[in-house]
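Below, each chain spelled out in residue letters.
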Amino acid sequence: MKLKLFYFLFVLCVFSYQSSYAQYATRKISKKKQEYTDSLKQVKYDFKFPILGQKVYAAGFDIPYPAGLMGNFIWMDQSILIDNMQLGLKTDNLDIPLTNVDEFIQFGNNSNRSFGSNVRPDLWIFPFLNVYGLFGYGRSETTVELNSPIPITSVVEQAITTTGFGVMGAFGLGPIWTSVDANWTWTKPELLDKSVLVKVLGIRFGKTFESQTKPERNVAFWVGGMRARMSSVTVGQIKLIDALSDEAWNRRDQLVDQYNTWYSGLSEIKKALVDQSPLPDIVDRIEQADGSSIIRYGMDKQVKQEWNVVFGAQYQASKRWIYRTEWGLIGDRKSAMLSVNYRFLL
């Protein structure tokens, strides 16, 4: 049984994809690289990771340094869907808990734009299995278009922090390599009560082009898909003055008139339901220009489109320094990433 397990792991090693996305165990079959291949077979690999590293070198395959520290800069823009809307209000003399107002509120196009940076330490446990952590900070801008009961656009900017972990499996088939990457991150916007769990799955197919004169140097290109899911329940609070734009405050009398017109058109049953909600008190605070009031909110929120197509490229200058970029260009979600990766033996 142990022999079969060892054989299975070794087969995965020699066909494995190495390091993030574009580094993989590759057989040096070019005549110009024969000398380099022979030198690989003579390597005495006495480091702990990756497990089975010595066996891979003995077979004439090159593998990168197992441990790394990556710095990423990321920008993303995507549409979001909101339902099950709840509102509450807190003032000096009022404390209205979260109340469902989903029946009365209609949204337009809602979106989120964010940018930030993160640090990603990683380790290849096996030549085909990588584990990593994610620790980041950034800024988020959420735009919410409200069509009813009053047409208004709210833009909220806030800081975000991110922590998480991930795992990646990878392998090569002939000249093509494939990777499957999954991570779980907890993102904490400063205005939310709790962190939001985001689950990302990535699948990529690529090809690496090696230098004919410097075996440690290569360029890789890939295409793939990325799926993002977030925990749907979002609860937080914001001051009324921050929830509305300056333009909205300047035309607050018009907004109040539009609300009154909407309210007049409701049936008596619906008017009674609205009167029991926080909406009339919130509109009163807008009319009085009371920006100090605290608006509580709760909602179910999801990305509009889970999958998008990504394209990427990587330049490995040496076994220590790697530079990468990846762009999401097809689908509702648009994204861009630039990164630098430093690797070392462990």
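Residues numbered from 1 in each chain as written. Predicted model: local features only at pLDDT ≥ 70, side-chain atom pairs only at ≥ 80, totals over all residues. Heavy atoms only, no water.

Caption draft 1: Spotlight on the pattern of salt bridges. All told, the structure shown has 8 salt bridges when counted by the stated rule. Salt-bridge contacts for Asp122 lead to Arg343; the nearest nitrogen and oxygen are separated by 2.9 Å. With Asp122 in strand β6 (residues 110-126) and Arg343 in strand β16 (residues 334-344), the pair connects residues that are 221 residues apart, well separated along the chain. Neither Asp122 nor Arg343 differs from the other in exposure class; each is buried. Linking Glu268 and Lys271 is a salt bridge whose minimum nitrogen-to-oxygen distance equals 3.7 Å. Separated by 3 residues within a single helix, Glu268 and Lys271 lie in helix α7 (residues 268-275), roughly one turn from each other. (Salt bridge = Lys/Arg side-chain N within 4 Å of Asp/Glu carboxyl O. Helix = DSSP H or I, 4+ residues; strand = E, 2+ residues; numbered from the N terminus. Buried < 20%, exposed > 50% of the residue type's maximum accessible area, 1.4 Å probe, protein only.)

Caption draft 2: Up close: a nonpolar patch on the surface. Taken together, Phe73, Trp75, Phe115, Ile176, Phe205, Val223, Phe311, Trp327, Leu329, Ile330 and Leu338 make up a surface patch of nonpolar side chains, about 1000 Å² in accessible area. The set of elements that each furnish at least two residues to the nonpolar patch consists of β3 (67-90) and β15 (321-330). Of note, Phe205 is situated in strand β10 (residues 196-210). Residue classification places Phe205 among the partly exposed residues on the basis of a relative accessible area of 43%. (Patch = residues over 30% accessible without salt bridge, like charges linked within 9 Å, V, L, I, M, F, W, Y side chains within 5 Å. Areas by Shrake-Rupley, 256 points an atom, 1.4 Å probe, with all protein chains shown as cover.)

Caption draft 3: Structural detail: the packing of helix α6 (residues 252-264) against α7. Packing of α6 against α7 brings their axes to within 9 Å, and their N-to-C directions diverge by 135°. Our classification of the angle between α6 and α7 gives oblique. Here Tyr259, Trp262, Tyr263 and Ser264 of α6 come into contact with α7, specifically with Lys271, Val274 and Asp275. Grouping the constituent residues of the contact of α6 with α7 by class yields 4 nonpolar, 1 polar and 2 charged. (Axes fitted to C-alpha atoms, helices over the stretch in contact; angles between N-to-C directions. Parallel < 35°, antiparallel > 145°, perpendicular 65-115°, else oblique. Contact = heavy atoms within 4.5 Å. Nonpolar A, V, L, I, M, F, W, Y, C, P; charged D, E, K, R; others polar.)

Caption draft 4: Here's a closer look at helix α8 (residues 279-287). Leu279, Pro280, Ile282, Val283, Arg285 and Ile286 are the residues of α8 that are buried. On its buried side, α8 packs onto β3, α4 (240-243), α5 (246-250), α6, α7 and β13 (294-303). Ala289 sits one or two positions beyond α8 and adopts a positive phi of about 55°.

Caption draft 5: Focus on the packing of α6 against α8. Contact geometry of α6 with α8 gives a least axis separation of 9 Å together with a crossing angle of 155°. In terms of orientation, α6 and α8 fall into the roughly antiparallel class. The interaxial crossing formed by α6 with α8 has left-handed handedness. For the pair α6 and α8, the contacting residues are Arg252, Val256 and Tyr259 in the first and Leu279, Pro280, Val283, Ile286 and Glu287 in the second. (Left-handed = near helix turned anticlockwise from the far one by under 90°.)

Caption draft 6: Main features of a negative patch on the surface. On the surface, a cluster of negative charge is made up of Asp253, Asp257, Asp284 and Glu287. Going through the elements one at a time, α6 and α8 are the ones with two or more residues in the negative patch. With respect to the helices and strands, Asp253 occurs in helix α6. Classification of Asp253 as exposed rests on a relative accessible area of 53%. (Lys, Arg positive; Asp, Glu negative; His and termini not counted. Charge placed at Lys NZ, Arg CZ, Asp CG, Glu CD.)

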